[in-house]
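# A closer look at the structure
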Amino acid sequence: MECIWMQFVIPSLVSSEVERVSQVLSDVLRQICKNSLSSKEPNISSTSILNVANYLFISTRVAKANPHLMESFIVLSYQSHLPGELSHVWTHGPLSHSSNQRNGRGTRYAALLGAVLSLLQFLATGPAMLQRMFIRFAQPFFLAVLLYAGSYIIESQVYMAATAVGVVLILIAMIYKYIKGNALASSLQSIQPIGAD
């Protein structure tokens, strides 16, 4: 169970965010390379007048403090008038709690699912020792549920067929993610570093 937690559950919790960040970084790198062909300095002021990164992003401050690093060049080249992830915690506008007045079962289930996923992400970002303690505690309960479900599956051919279909669908999803990951990796290999003059 520890292997499943460390090698599958934790990476799957953050895979969509990592893919999104990877796509943004590859786009920024392409833009930097395109801009560097026409000038020596990155064209930071060409997109818009307001650059929120200068005011809200800690990474920009760190990059300005360390301009000699390659990562600083990439971070300082990023420009956006949108606040990014910080906008999710604001209490006004269309994303606020007061503008979302829906009540009912769907909202409760979505909130419960969100709480469970948030708890899993919190546990996944905790120290490895804490994660191992959690796994050692939960492992007997997980094994008992697995054995109980296995005894039900063996009793009926319908349950065995449903389990086989579920396993096949999971395998198809894993193969799709593997192929999609290889396609992303091959697109990132086309980015060439800027040569030092």
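## Side note on the packing of aromatic side chains
One pass over the full model with this rule turns up 2 aromatic pairs. Relative to Tyr 152, the ring of Tyr 148 lies with its centre 5.2 Å away and its plane at 40 degrees, an arrangement referred to as tilted. Note that Tyr 148 and Tyr 152 are positioned in helix H6 (residues 128-155) at a spacing of 4 residues, about one turn of the helix. Accessibility expressed as a relative area gives 53% for Tyr 148, which makes it exposed. Using a relative accessible area of 44% as the deciding quantity, one classes Tyr 152 as partly exposed.

## Thoughts on the side chain of Thr 60
Its location among the elements puts Thr 60 in helix H3 (residues 58-65). Sequence-distant contacts of Thr 60, defined by excluding residues within four places in its chain, comprise Ala 53, Asn 54, Val 75 and Leu 76.

## Topic: the environment of Ser 59
Residue placement: Ser 59 occurs in helix H3. Overall, the relative accessible area of 39% leaves Ser 59 in the partly exposed class. In this structure the C-alpha to C-alpha distance between Ser 59 and Val 75, which are 16 residues apart in sequence, comes to 6.9 Å.

## Considering the pattern of salt bridges
Counting across every chain of the model gives 1 salt bridge. Where Glu 19 meets Lys 180, a salt bridge forms, and the shortest distance between an N and an O atom there is 3.8 Å. Here the residue Glu 19 occupies a position in helix H1 (residues 2-38), and Lys 180 occupies one in helix H7 (residues 157-188), the gap between them amounting to 161 residues. When its relative accessible area of 43% is taken as the criterion, Lys 180 is described as partly exposed.

## Notes on the packing of H3 against helix H4 (residues 70-77)
Packed helices, taken two at a time, are described by the angle between their axes plus the distance between the axes. At their nearest, the axes of H3 and H4 sit 9 Å apart, and the two run at 135 degrees to each other. Here H4 runs oblique to H3, going by the angle between their axes. Taken as a pair, H3 and H4 cross one another with a handedness that is left-handed. On H4, the residues touching Ser 59, Thr 60, Ala 63 and Lys 64 of H3 are Ser 72, Val 75 and Leu 76. Here the contact of H3 with H4 is composed, by residue class, of 3 nonpolar, 3 polar and 1 charged.

## Here we look at the side chain of Gln 131
Mapped onto the fold, Gln 131 is located in helix H6. According to the relative accessible area criterion, Gln 131 is buried, its value standing at 5%. The contacts of Gln 131, once residues within four sequence positions are left out, are Trp 5, Met 6, Ile 10, Leu 123, Ala 124, Thr 125 and Gly 126.

## Here's the deal with the nonpolar core
Trp 5, Val 9, Ile 10, Leu 13, Leu 123, Ala 124 and Ile 135 together form the largest nonpolar core, which totals 7 residues. Elements represented by at least two residues in this core include exactly H1 and helix H5 (105-124). In terms of residue count, H1 provides more of this core than any other element does, 4 residues in total. Each residue touching Leu 123, except ones within four places of it in the same chain, is listed here: Trp 5, Gln 131 and Phe 134.

Thresholds, definitions, all that
- Residues numbered from 1 in each chain as written.
- Predicted model: local features only at pLDDT ≥ 70, side-chain atom pairs only at ≥ 80, totals over all residues.
- Heavy atoms only, no water.
- Phe/Tyr/Trp six-rings, centres within 6.5 Å; stacked < 30°, edge-to-face > 60°.
- Helix = DSSP H or I, 4+ residues; strand = E, 2+ residues; numbered from the N terminus.
- Buried < 20%, exposed > 50% of the residue type's maximum accessible area, 1.4 Å probe, protein only.
- Contact = heavy atoms within 4.5 Å.
- Salt bridge = Lys/Arg side-chain N within 4 Å of Asp/Glu carboxyl O.
- Axes fitted to C-alpha atoms, helices over the stretch in contact; angles between N-to-C directions.
- Parallel < 35°, antiparallel > 145°, perpendicular 65-115°, else oblique.
- Left-handed = near helix turned anticlockwise from the far one by under 90°.
- Nonpolar A, V, L, I, M, F, W, Y, C, P; charged D, E, K, R; others polar.
- Core = buried A, V, L, I, M, F, W, Y, C linked by side-chain atoms within 4.5 Å.

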